[in-house]
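# Structural features, examined
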Amino acid sequence: MTNSNTIAFIGGGNMARSLIGGLIQDGTAPEQIWVSDRNAEQLQALQQRFGIHTSSDNLTAAAEADVLVLAVKPQVLHSVASELQALVQQRQPLVISVAAGIREQDLNRWLGGNVAIVRCMPNTPALIQTGASGLYANAQVSASQRDQAESILRAVGIALWLEHEAQMDAVTALSGSGPAYFFLFMEAMQNAAQALGLSADQAKLLTLQTALGASKMALESEEDCAVLRQRVTSPGGTTERALNSFEHDDLRASVQRALNAACERSRELADQLGQAGDA
Ligand SMILES: NC(=O)c1ccc[n+]([C@@H]2O[C@H](COP(=O)([O-])OP(=O)(O)OC[C@H]3O[C@@H](n4cnc5c(N)ncnc54)[C@H](OP(=O)(O)O)[C@@H]3O)[C@@H](O)[C@H]2O)c1
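Rules and cut-offs
Residues numbered from 1 in each chain as written. Predicted model: local features only at pLDDT ≥ 70, side-chain atom pairs only at ≥ 80, totals over all residues. Helix = DSSP H or I, 4+ residues; strand = E, 2+ residues; numbered from the N terminus. Buried ≥ 20, exposed ≤ 12 C-beta atoms within 10 Å, placed from the backbone. Contact = placed C-beta atoms within 7 Å. Near = placed C-beta within 6 Å. Nonpolar A, V, L, I, M, F, W, Y, C, P; charged D, E, K, R; others polar. Pairing = 2+ DSSP bridges. Right-handed = clockwise from strand over helix to strand, strands pointing away. Axes fitted to C-alpha atoms, helices over the stretch in contact; angles between N-to-C directions. Core = buried A, V, L, I, M, F, W, Y, C linked by C-beta atoms within 7 Å. Parallel < 35°, antiparallel > 145°, perpendicular 65-115°, else oblique. Left-handed = near helix turned anticlockwise from the far one by under 90°.

### Quick notes on the overall build of the protein chain
Counting secondary structure elements, the protein chain contains 12 helices and 8 strands. Its C-alpha atoms give the protein chain principal-axis dimensions of roughly 70 × 40 × 35 Å. Among the 279 residues that make up the protein chain, the fraction classed as buried is 35%. Put simply, 66% of the contacts in the protein chain that link residues at least 6 apart link residues at least 24 apart.

In structure tokens, the structure reads:
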């Protein structure tokens, strides 16, 4: 990000640290960045590592912000938003929320209404700059603010705009929870390979490198995964035998059921979290 906007992070934990690291790597000057957190050690570590401004007071950190990134846990977002409400109403910054499950309309209400909000759903690989984020902007967000939000999230991976906020539940079920699905699948492959006679180390290395290679091939290819799969499946060969076994066990339906369950849970959590502060 090359413009001179001041960006304040409220909450200086894992996600804020990754975003700040990505921004600085992308050329944002440390002096443009503020972060507040209630943990003094966390702040000191961030200050030492990045040379940014820190404060234990959210209002001090946010005082000059053009962009306010809310990076606290969803459960504390209501109290943080209430604390920032007057300042946000007076200063009208772009507010970016990375809090999982908090809907734009709830956050907007907590901030006093009519606020430019970009809601994001990043995932854990953002911590190693390989994240996948879904972004949703409300009607108050200008074109240049959209660009700003996108450049902040792009600093930690890919960022994809959603037209409807309801799609955020599908993003949560896919990329938000997705890393765990792949961990489960890799875990199962490792266990199976050990049962077939490989050592734990051999099984792990071959599994992880295969996952990386398959993902890289799919990303670099213009073909769909289905085509890539068919290309590596020789009639009568080993891959075909294994894939037939997966199809026989209805892997696709199992994946659909799992994502449906995650999507439903995402809606439930948003309903619950959105009630914070209601009488
Ligand atoms: N980590 C991920 O992979 C990931 C992925 C997707 C979305 N997110 C979202 O990103 C947000 C942050 O997650 P995280 O993993 O970075 O959490 P985290 O490491 O716990 O960071 C949150 C930080 O905010 C601090 N905090 C708590 N209350 C505060 C307050 N009132 N004012 C200022 N700071 C306060 C916390 O301090 P204490 O520790 O003292 O409470 C903590 O240092 C969450 O909403 C989460 O849903 C994270």
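### Considering the environment of leucine 94
Its place among the elements puts leucine 94 in strand β5 (residues 94-97). A count of 25 C-beta atoms within 10 Å places leucine 94 in the buried class. Contact partners of leucine 94, with chain neighbours within four places excluded, come to Asp66, Val67, Ala116, Val118, Val141, Gln145, Gln148 and Ala149.

### Comments concerning the site of the ligand
Of all residues adjacent to the ligand, which total 26 residues, the nearest are Gly11, Gly13, Met15, Ala99 and Ala100. Contributing elements (two or more residues each) for the shell around the ligand: α1 (14-25) and α4 (74-91). Split by residue class, the shell around the ligand holds 13 nonpolar, 10 polar and 3 charged.

### Some details on the environment of glycine 21
One can find glycine 21 in helix α1. On the neighbour-count criterion, glycine 21 (17 C-beta atoms within 10 Å) is partly exposed. Here the alpha-carbon distance between glycine 21 and leucine 127, two residues 106 residues apart in the chain, equals 9.5 Å.

### Points about the pairing of strand β1 (residues 7-10)
Alternating residues of β1 divide into Ile7 and Phe9 and Ala8 and Ile10, and every residue in both groups is buried. Taken together, the 4 bridges between β1 and strand β2 (residues 33-36) define a ladder with parallel strand orientation. Bridged to alanine 8 within β2 is tryptophan 34. This β-α-β element, β1 to α1 to β2, shows right-handed connectivity.

### A closer look at the sheet that holds strand β7 (residues 131-137)
Strand pairing in a sheet takes place through backbone hydrogen bonds and is either antiparallel or parallel in direction. Pairing within the open sheet is mixed, and its 8 strands lie in the order β3-β2-β1-β4-β5-β6-β7-β8. Each having just a single partner strand, β3 (53-55) and β8 (157-161) make up the two edges of the open sheet. Strand-to-strand, the axes of this sheet are offset by a mean angle of 20 degrees, without reference to chain direction. Note: β1 against strand β4 (residues 67-70), 4 bridges, orientation parallel. Bridging across to β4, alanine 8 finds its partner in leucine 68.

### Considerations on the nonpolar core
Counting 58 residues, the largest nonpolar core has Val69, Leu70 and Ile96 as its most contacted members. Setting aside residues up to four positions removed in sequence, leucine 70 forms contacts with Ile10, Gly11, Leu77, Val80, Val95, Ile96, Ser97, Val98 and Ala99.

### Some remarks on the packing of helix α7 (residues 167-176) against helix α12 (residues 251-274)
The relative placement of two packed helices comes down to the angle between their axes together with the axis-to-axis distance. Two numbers describe how α7 lies on α12: the axes approach to 8 Å, and their chain directions differ by 130 degrees. One finds that α7 runs oblique with respect to α12. The two elements α7 and α12 cross, and the hand of that crossing is right-handed. Taken together, the residues of α12 that come into contact with α7 (itself represented by Asp169, Ala170, Thr172, Ala173 and Leu174) are Leu259, Ala262, Cys263, Ser266 and Arg267.

### Some words on unusual backbone geometry
Its identity is not glycine, yet glutamine 129 carries a phi of approximately 60 degrees, on the positive side. Checked against the element boundaries, glutamine 129 lands in the loop between β6 (117-121) and β7. Look at glutamine 129 and you get partly exposed, because 13 C-beta atoms sit within 10 Å. With phi around 60 degrees, aspartate 250 is a residue other than glycine that occupies positive phi space. You can see aspartate 250 is positioned in the loop between α11 (238-248) and α12.

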